[in-house]
Amino acid sequence: MSALLHHYDELVDHLRRRFGDRSFARDVMQDVCVHVLERSPRTAVHTPLAFLRRISTHLAIDRYRVEAGRRAHVESMAELPEPASHHPTEEERLGARQELDVLIDVIENLPPRCREVFIMHKIHQVPQAEVAQRLNISRQMVEKHLKAGMTACRARLPSPDPR
């Protein structure tokens, strides 16, 4: 540890020259201090400055890679479009409510069997085969009723705005 204190400024200058930033070099030297305190060498170090340079260079490279990855991530996030608002405007809410009222009216005015099939499958999400079985009708008849219900709904709703 005394070698670290003795060569601290020299090691900071070495890292600053190599990586171009004095505060980065000081941050790395903090990591070096922690590293040396936590993992003291198992064998005697004959050239402490070379040993500390090697540790500081490796830790600096690791830190540089992590920071470069973070910068790249932040830059890529800056290129993303702004997220759409998750809160509909009052106008959008009113339009949705009006469409819902139209759909309710259309479904209520379907022929009874068609309405029953449509509600079971589209609203309660009962599979077509099960609808056919429950109502004792063919699967083709279920499809026919669903097609009629969808056609009625589409006829009464405004076509989507192609923006």
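Below, the structure is looked at part by part. (Residues numbered from 1 in each chain as written. Predicted model: local features only at pLDDT ≥ 70, side-chain atom pairs only at ≥ 80, totals over all residues. Heavy atoms only, no water.)

### Focus: the overall build of the protein
Item 1. Counting secondary structure elements, the protein contains seven helices and zero strands.
Item 2. In the protein, the order of α-helices and β-strands from amino to carboxyl end is α-α-α-α-α-α-α.
Item 3. Here the protein has a C-alpha radius of gyration of 35 Å; the compact-globule value for 163 residues is 15 Å, and the former is much larger.
Item 4. The principal-axis extent of the C-alpha atoms belonging to the protein is close to 95 × 40 × 20 Å.
Item 5. In the protein, buried positions account for 23% of the 163 residues.
Item 6. Sequence separation of at least 24 residues holds for 58% of the intrachain contacts in the protein that already meet a minimum separation of 6.
Item 7. Here the protein has roughly 12,400 Å² of accessible surface; of this, 53% comes from carbon and sulfur atoms.
Item 8. Looking at the protein, you have 25 positive and 23 negative side-chain charges, and the mean spots of the two groups are 6 Å apart. (Helix = DSSP H or I, 4+ residues; strand = E, 2+ residues; numbered from the N terminus. Rg over C-alpha atoms; globule rule 2.2 N^0.38 Å. Buried < 20%, exposed > 50% of the residue type's maximum accessible area, 1.4 Å probe, protein only. Contact = heavy atoms within 4.5 Å. Areas by Shrake-Rupley, 256 points an atom, 1.4 Å probe, with all protein chains shown as cover. Lys, Arg positive; Asp, Glu negative; His and termini not counted. Charge placed at Lys NZ, Arg CZ, Asp CG, Glu CD.)

### Digging into the side chain of T57
Item 1. Mapped onto the secondary structure, T57 falls in helix α3 (residues 48-78).
Item 2. Among residues more than four places away in sequence, those in contact with T57 are H14, L15 and R18.

### Points about unusual backbone geometry
Item 1. You will see that Q125, though not glycine, has its phi angle at about 55°, which is positive.
Item 2. Inspection of the secondary structure assignment puts Q125 in the loop between α5 (112-123) and α6 (128-135).

### A word on the packing of helix α4 (residues 90-108) against helix α7 (residues 139-156)
Item 1. It is the contact of α4 with α7, at a shortest axis distance of 10 Å, that shows an interaxial angle of 140°. When the interaxial angle is binned, α4 and α7 end up oblique. Note on packing geometry: the crossing formed by α4 with α7 is right-handed. Note on element contacts: α7 touches α4 through A152, C153 and R156, opposite V102, L103, D105, V106 and I107.
Item 2. Here the contact of α4 with α7 is built from residues that sort into six nonpolar, no polar and two charged. (Axes fitted to C-alpha atoms, helices over the stretch in contact; angles between N-to-C directions. Parallel < 35°, antiparallel > 145°, perpendicular 65-115°, else oblique. Left-handed = near helix turned anticlockwise from the far one by under 90°. Nonpolar A, V, L, I, M, F, W, Y, C, P; charged D, E, K, R; others polar.)

### Overview of the packing of aromatic side chains
Item 1. Taken as a whole and judged by the stated rule, the model has two aromatic pairs.
Item 2. Judged by centre distance (5.4 Å) and plane angle (50°), the rings of F19 and F24 are tilted.
Item 3. Under the relative-accessibility criterion, F24 is labelled buried at 6%.
Item 4. Taking the centre distance of 6.0 Å and the plane angle of 45° together, the rings of F19 and Y64 count as tilted. Here the residue F19 occupies a position in helix α1 (residues 2-19), and Y64 occupies one in helix α3, the gap between them amounting to 45 residues.
Item 5. Residue Y64 is classed as partly exposed on the basis of its relative accessible area, which comes to 42%.
Item 6. Through successive ring pairs, a cluster of aromatic residues spans F19, F24 and Y64.
Item 7. The ring of Y64 carries the charged tip of R71 above its face, separated from the ring centre by 5.7 Å. (Phe/Tyr/Trp six-rings, centres within 6.5 Å; stacked < 30°, edge-to-face > 60°. Lys NZ or Arg CZ within 6 Å of the ring centre and 35° of its normal.)

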